[in-house]
Amino acid sequence: MIVQWYSNLRKPVYTYTFFVCLWGILLFMSIQYHHLPDYSMSDWVMIYSMVAAVLILEHYTFQIPPEGHRLSMDSSVYLAALFSFGTNLTLFVLALASVVSFMHNRAIVWWKHLLNFSAYTFMILCSSAVYSWFGGTTGAFNLQHLTAYLFALFIYFVVNSLIIGLYYLLLYKGRLYEIIKGFLSDVVFAYLSTLLLSIVLVIMIVNNRSFGLFLFLAIGMVLSHLFRQLFKMYNEVTEKANTDLRTGLYSHSYFEEKLDEYMRQSREQGQPLSLVMIDLDDFKKYNDAFGHPKGDKLLGFFGQMVKSHCEPKGLFAARYGGEEFAIIMPGFAKEQARSFMDAFRKQVNDTPFEGVEVFPHGCVSFSAGILEISRETYDKSQLIDWADRALYAAKAKGKNTVFIYGEESRLPPMLENDIYELEQQVKIFLYKDVYTYKHSKRVFAYAMEMAEYLKLRGEDRRQLVLGALIHDIGKLEIPRDILNKKSKLTGDEWEIVKKHVLWGKEIVSVTPKFKDLIPMVEFHHERFDGKGYPNGLKGEEIPKQARLLSIIDSFDAMTTERPYQETKSYSDALQEIHRCAGTQFDPELAAQFIGYMEGKLSEAEAAVTAEGDHDD
Amino acid sequence: MVYDGIVIGLIVGFLRAGWRNGITALSQIRIKGGLIFPILLATQFLLYLLHDNVSFIQQYNGYMFMLVYAAGLYVLVINRKEKGFWWIFAGVALNFLVMLVNGGKMPVSVEAASVLDPIYVDMLKSGDVSTKHAMLDNSTVLPFLGDIIPLTKPYPRTQAISIGDVVMNVGIFIYLQHAMASRKMGLSLLNQNNID
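Basis of the calculations
Residues numbered from 1 in each chain as written. Chains lettered and ligands numbered in written order. Predicted model: local features only at pLDDT ≥ 70, side-chain atom pairs only at ≥ 80, totals over all residues. Heavy atoms only, no water. Helix = DSSP H or I, 4+ residues; strand = E, 2+ residues; numbered from the N terminus. Buried < 20%, exposed > 50% of the residue type's maximum accessible area, 1.4 Å probe, protein only. Contact = heavy atoms within 4.5 Å. Areas by Shrake-Rupley, 256 points an atom, 1.4 Å probe, with all protein chains shown as cover. Salt bridge = Lys/Arg side-chain N within 4 Å of Asp/Glu carboxyl O. Pairing = 2+ DSSP bridges. Axes fitted to C-alpha atoms, helices over the stretch in contact; angles between N-to-C directions. Patch = residues over 30% accessible without salt bridge, like charges linked within 9 Å, V, L, I, M, F, W, Y side chains within 5 Å. Core = buried A, V, L, I, M, F, W, Y, C linked by side-chain atoms within 4.5 Å.

Draft legend 1. The arrangement of the overall build of chain B in detail. Within chain B, the secondary structure is distributed over eight helices and four strands. Its helices and strands in sequence order give chain B the pattern α-α-α-α-α-β-α-α-β-β-β-α, from N to C terminus. Across the 196 residues that make up chain B, the buried fraction comes to 36%. If you take every contact in chain B between residues at least 6 apart in sequence, the share linking residues at least 24 apart comes to 70%. Element-wise, carbon and sulfur atoms account for 66% of the exposed surface of chain B, whose accessible area totals about 11,400 Å².

Draft legend 2. Region of interest: the pattern of salt bridges. All names here are of chain A. If you walk through the whole model with that rule in mind, you get 22 salt bridges over all chains. With a shortest N-O distance of 3.1 Å, D342 and R345 are connected by a salt bridge. Linking D342 with R345, this pair stays in helix α12 (residues 334-350), spanning three residues, or about one helical turn. R345 sits in the buried class, given a relative accessible area of 17%. Between K505 and E522 there is a salt bridge, with the nearest N and O atoms lying 3.7 Å from each other. Here E522 lies in helix α21 (residues 518-523) and K505 lies in helix α20 (residues 500-509), a separation of 17 residues in the sequence. Three or more residues joined by partner-sharing salt bridges are found here, namely D279, D281 and K395.

Draft legend 3. Seen up close, the environment of L166(A). Residues and elements named next belong to chain A. Tracing the backbone shows L166 in helix α7 (residues 146-172). Among the residues examined, L166 registers a relative accessible area of 30% and is labelled partly exposed. Sequence separation between L166 and Y177 is 11 residues; the distance between their C-alpha atoms is 9.8 Å. Setting aside anything within four residues of it in sequence, one finds L166 in contact with Y16 and L176.

Draft legend 4. Spatial organisation of the sheet that holds strand β7 (residues 402-404) of chain A. All names here are of chain A. In spatial order, the strands read β4-β5-β3-β6-β7; together these five strands make up an open sheet with mixed pairing. The sheet is open, and its two borders are formed by β4 (316-321) and β7, each paired with just one other strand. On average, each strand axis in the sheet is tilted by 20° relative to the strand beside it, whichever way the strands run. Set on the sheet, helix α9 (residues 252-269) makes contact with β3 (273-280), β4, β5 (324-330) and β6 (366-373); between it and β4 the angle comes to about 140°. The strands touched by α12 within the sheet are β3, β5, β6 and β7, with β6 carrying the most contacts at an inclination of about 165°.

Draft legend 5. Molecular detail of the pairing of β6(A). All names here are of chain A. Taking burial as the measure, the eight residues of β6 include seven buried ones, the bulk of the element. Note that β6 and β7 share three bridges and pair parallel. Across the sheet, the residue bridging to I370 is I404, located in β7.

Draft legend 6. A look at a nonpolar patch on the surface. Residues and elements named next belong to chain A. Together, V99, F102, M103, I108, V109 and W110 give the surface a local cluster of nonpolar side chains, amounting to about 550 Å² of exposed area. In terms of residue count, the dominant contributor to the nonpolar patch is helix α5 (residues 87-104) (three residues). By the secondary structure assignment, V99 is in helix α5. Using a relative accessible area of 46% as the deciding quantity, one classes V99 as partly exposed.

Draft legend 7. Spotlight on the nonpolar core. Counting residues in hydrophobic clusters, the biggest one holds 87 residues, and the most contacted among them are M50(A), V77(A), Y78(A), F83(A), V93(A), Y156(A) and I148(B). Leaving out residues up to four positions away in the same chain, V93(A) has contacts with I47(A), M50(A), V51(A), V54(A) and Y78(A). Ranked by size, the runner-up nonpolar core spans 52 residues in total, among them L415(A), V521(A), M558(A) and I577(A).

Below, the structure is given as structure tokens:
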């Protein structure tokens, strides 16, 4: 017990507290010792009144916005007592008030009472010394002592700031100057009025004794009450300003403010910090279908889900704007953030909501971009930008996904514009056949990876990547009934489907700069053995990139769910490609594709087992 | 002086809680050993009546009052969990203390009593005022706990009171506020739930 006491005491803030208390009490004793209280009955009445005043004003402690420094007007009573009745009586009032307050507020830890008492003792003694040094005498207000009053007030204030400033300096670290400056800028006016009121009280107390004090007390209570109301109002308004009414989440501006704070915190504590940007998928579609009131309901619903999911984990969720949301995840590395977001995404997908049938996925869904903030990143706006980019990558991949910044494939800038342009064209599938849209996006993603893997450069790379994106554009012309037909196609219908490569060729050839993509669109259904369509080209007659595209196209078609087809697992699909190498597919390219995919799968498998081991 | 805290407490309580809620709240007050209070009051009154007639009582009057006080303190202690009762206890104890050390009588300062009717001051000086009071002089122990606080205009009553009285009345006030106003909040919450 004693050892623990001692080690506690060695913390600077406690050492400081200890010495302030010790000196405060010693000083108090040495002064009161020579002057045992021997007051007349009317003095006692005055003392009682002042103790009561101090206690009441203490009870009416108010806070000053914005930081909420706690202030009470009891200082004016002490100062008035000092000016009118001298140091001894003032200290006596202080002691009585401290004892009562100690017995009354037992919730406050005992040494804080002592610290408070000692601080007041210092303040009273210093300002008393200055007061008499400038020729001030106790008794009624005297205009000739004006300098003495003012200097006493000033010193009282200075000592107070120093004692409090040092305490917070040791408690929170930082610079004394900054702390005192912050303290001063907030409370200086409230403090000034408190101090000036003490002079008013001197005038009243001497002329009207207790009644003067009573009057003062009434004013003090009213003022304190008003300050309290002000603080309450301020808090309510800030709260309102910081939250978004629609969703109950925090607002954009408060998010930016908090992001700085969280970044600083994570830097100081060396903890990871992730930033997530979320965008509701196809919200506009919902809005258009049901009108804004319904759309607002969806936003509110989603906001509540975000809130209830994030709050228990101590995450900071805000509505970034429109249907965009942002979450700050202190302590989350990017992988943790991803698994958290994926779990949340699944939960959102599974939650029923009115009218979700208008969404392409048939449920409420969102895309998210994750950025883990590293120690070097300082610029806030860039961070949001990066997370946004990951978000758009997730959108580009067909939505309802979560992406980590830096893990989406990087694109050379020249290609990027063309990709964007073709993307706009492919987007038209969203209205007609979302499966084709998502298929195009995935094939495009595979093509990107293959281009990387095969080290394709320049034109080859461009042809493969852009061709993959646009290859099925001709399906626009296929009637919906056929596209969405669940049973087997008739011969005529099959002929129509086959035509999509030619229609696609026509569509692509409209834009001169995409002429080089025509073979990709036209020939991606040609077979290596010459049994494909439309022209029945054979072997090397088919351009190399088109041969590769055909493999990717088939692989994706096999591995994705389609109404008229059963889904194959990745390894089964690779087996099928292997089986068809030489007949349907170019054997060399097929082998390369299989090699790449197998490497990727075993990597993923290894990651899964590693994670499994980790869990154990 | 006991009544001032009750009256003010009730007035403010009714203002805050409203008539009906206030009455309901008051009817719900439960104090442990609550019956002891009226008995104590009756005893006090009886002692006052019989004081001049029965010599036994006249002789030991001060000590009997002390007994009444001690019983009152006991009731306060067993109810110390109630809000404000610690204040009441402290006030009564202060009064009790000063009477105990001054032969069972409350010392009254002439200075404070000067706000009262001058006849009363004369009676105080002559030493035969009442069963409970005595003049405060140099021989008084703990004089600052005696009736030294003059109450006069603008306060509606003219009185000399002690610090114990003040503390006790603060306690009564706090208790009544708590009993009446917090009850009101509880009720309004209940009503809201019903409407929903």
